[in-house]
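Remarks on the overall topology
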Amino acid sequence: EGIIGGNVQVILVAGFVLLFFDRPTRSWAATERDPSTAGRPAAADGILGAAIPALKLSQPHAWVALLRRRPSAALAGLGLVGGFALLTLPLVGVDSWVAWAEQLQRASDPTWFLGGASLAAGLPAVVGVAIAGTTAAACLIVPLARLGAWTGLLTVVGAPSLRMFGVLFALPAMLTIRREVALIAAAAIATYTLQGLWLGLFLVLGTLLLAERYPTLREPAPR
């Protein structure tokens, strides 16, 4: 859907994967990358992390996770994006940036017809903002070994405005848990119903959480 509609979310997810994941060691594997490791300029990681909230203000999760592991990169990205905004201000005008800042308000508005199927759908706007903030803060405490999977899933759960292409961020988490569970979740999400969407997402969320105590719930490496 994101490809057919030409939605920028596809590009943002690609940047997210590049930031938090390495080349997989086997097919359909989510191989985590620690952004704090050397080998890539801080500015490069910073741009990848800051570009997501720069275009989707309600999705700061990747930048928060990067701030946890590599503060210099996160701050460099913030500075570069902020500098770009200042340089282009004479071209785009103040009104465009005011509209950008109003994204959260529009996304949390239950009467907005493009609001999608977020967890806070139909609830007061403050609830949606609180969920987005709480899930972003949770990126500071989730297990480091699966930081990318958790960050992507929290980005989806915390979205004040959730469309189907936004669920792409949950794919690493779905590839981390047992494949049987992930396929059931995918089938539920593919019903394109509010109930099916959140049944699938909570199934992934619950399994990923339980897998921290019961590792057998994670997809095993082939023998």
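Above this text is the structure in question.
Residues numbered from 1 in each chain as written. Predicted model: local features only at pLDDT ≥ 70, side-chain atom pairs only at ≥ 80, totals over all residues. Heavy atoms only, no water.

**A look at the overall build of the protein chain**
Assigned secondary structure in the protein chain consists of eleven helices and zero strands. Beginning at the N terminus, the succession of helices and strands in the protein chain can be written as α-α-α-α-α-α-α-α-α-α-α. Relative to the 2.2 N^0.38 estimate, which gives 17 Å for 223 residues, the radius of gyration of the protein chain is 17 Å and therefore close to what a compact globule would have. The C-alpha extent of the protein chain, read off along each of the three principal axes, is 60 × 45 × 35 Å. In the protein chain, which comprises 223 residues, the proportion classed as buried is 40%. Of the contacts made within the protein chain by residues no fewer than 6 positions apart, 66% connect residues no fewer than 24 positions apart. For the protein chain, the accessible surface area stands at approximately 11600 Å², while carbon and sulfur atoms represent 70% of it. Within the protein chain, one finds 16 positive and 11 negative side-chain charges whose respective centroids are separated by 8 Å. (Helix = DSSP H or I, 4+ residues; strand = E, 2+ residues; numbered from the N terminus. Rg over C-alpha atoms; globule rule 2.2 N^0.38 Å. Buried < 20%, exposed > 50% of the residue type's maximum accessible area, 1.4 Å probe, protein only. Contact = heavy atoms within 4.5 Å. Areas by Shrake-Rupley, 256 points an atom, 1.4 Å probe, with all protein chains shown as cover. Lys, Arg positive; Asp, Glu negative; His and termini not counted. Charge placed at Lys NZ, Arg CZ, Asp CG, Glu CD.)

**As for the nonpolar core**
In this structure, Phe 20, Leu 153, Leu 162, Val 167, Leu 197 and Leu 201 are the most contacted members of the largest nonpolar core, which totals 45 residues. Counting residues per element, this core draws most heavily on helix H8 (residues 147-157), at seven residues. With near-sequence residues (within four places) excluded, Leu 201 lies in contact with Leu 153, Val 156, Leu 162, Val 167, Ala 170 and Ile 189. (Core = buried A, V, L, I, M, F, W, Y, C linked by side-chain atoms within 4.5 Å.)

**Side note on the environment of Gly 79**
Looking at the secondary structure, you find Gly 79 in helix H4 (residues 71-92). Considering only alpha carbons, one finds Gly 79 and Pro 90, eleven residues apart in sequence, at a separation of 18 Å.

**Quick notes on helix H1 (residues 9-20)**
Every α-helix winds through 3.6 residues per turn, so residues three or four apart in the chain are directed the same way. The terminal C-alpha atoms of H1, which comprises twelve residues, lie 16 Å apart, in line with the 16 Å expected from a rise of 1.5 Å per residue. Those residues of H1 lying buried are Gln 9, Leu 12, Val 13, Gly 15, Phe 16, Leu 19 and Phe 20. Down the axis of H1, the buried set is contained in an arc of 160°. They therefore lie on one face. For H1, the elements touching its buried residues are helix H2 (42-55), helix H3 (61-69), H8 and helix H9 (171-176). (Expected span 1.5 Å × (residues − 1). Arc of directions from axis to C-beta.)

**So, unusual backbone geometry**
Not every positive phi belongs to a glycine, and Trp 28 is a case in point at roughly 60°. Looking at the secondary structure, you find Trp 28 in the loop between H1 and H2. Of note, Tyr 192 is a non-glycine position whose phi angle comes to about 55°, a positive value. Here Tyr 192 is to be found in the loop between helix H10 (179-189) and helix H11 (194-210).

**Some words on the packing of H1 against H2**
Contact geometry for H1 and H2: axes closest at 9 Å, N-to-C directions at 150°. Relative to H2, H1 is oriented roughly antiparallel. Both H1 and H2 take part in a crossing whose hand is left-handed. In contact with Leu 12, Gly 15, Phe 16, Leu 18 and Leu 19 of H1, H2 contributes Asp 45, Leu 48, Gly 49, Ala 51, Ile 52 and Leu 55. Here the contact of H1 with H2 is composed, by residue class, of eight nonpolar, two polar and one charged. (Axes fitted to C-alpha atoms, helices over the stretch in contact; angles between N-to-C directions. Parallel < 35°, antiparallel > 145°, perpendicular 65-115°, else oblique. Left-handed = near helix turned anticlockwise from the far one by under 90°. Nonpolar A, V, L, I, M, F, W, Y, C, P; charged D, E, K, R; others polar.)

**Topic: the packing of H8 against H11**
It is the contact of H8 with H11, at a shortest axis distance of 11 Å, that shows an interaxial angle of 150°. Between H8 and H11, the crossing angle belongs to the class labelled roughly antiparallel. In the crossing of H8 with H11, the sense of the turn from one axis to the other is left-handed. Residues Ala 149, Trp 150, Leu 153, Val 156 and Val 157 of H8 form the contact with H11, whose participating residues are Trp 198, Leu 201, Val 204, Leu 205, Leu 208 and Leu 209. Split by residue class, the contact of H8 with H11 holds eleven nonpolar, no polar and no charged.

**Observations regarding the side chain of Arg 146**
Tracing the chain through its elements places Arg 146 in the loop between helix H7 (125-138) and H8. According to the relative accessible area criterion, Arg 146 is buried, its value standing at 16%. Engagement of the side chain of Arg 146 in a polar contact is seen with the side chain of Glu 212, the distance being 2.8 Å. (Polar contact = N/O pair within 3.5 Å; in protein donor to acceptor, adjacent residues only side chain to side chain.)

**Things to note about a nonpolar patch on the surface**
Taken together, the side chains of Leu 86, Leu 89, Leu 91, Val 92, Val 94 and Val 98 make up a nonpolar region of the molecular surface, amounting to roughly 570 Å² of accessible area. For the nonpolar patch, the secondary structure elements donating two or more residues are H4 and helix H5 (94-101). Ranked by residues supplied to the nonpolar patch, first place goes to H4 with four residues. (Patch = residues over 30% accessible without salt bridge, like charges linked within 9 Å, V, L, I, M, F, W, Y side chains within 5 Å. Salt bridge = Lys/Arg side-chain N within 4 Å of Asp/Glu carboxyl O.)

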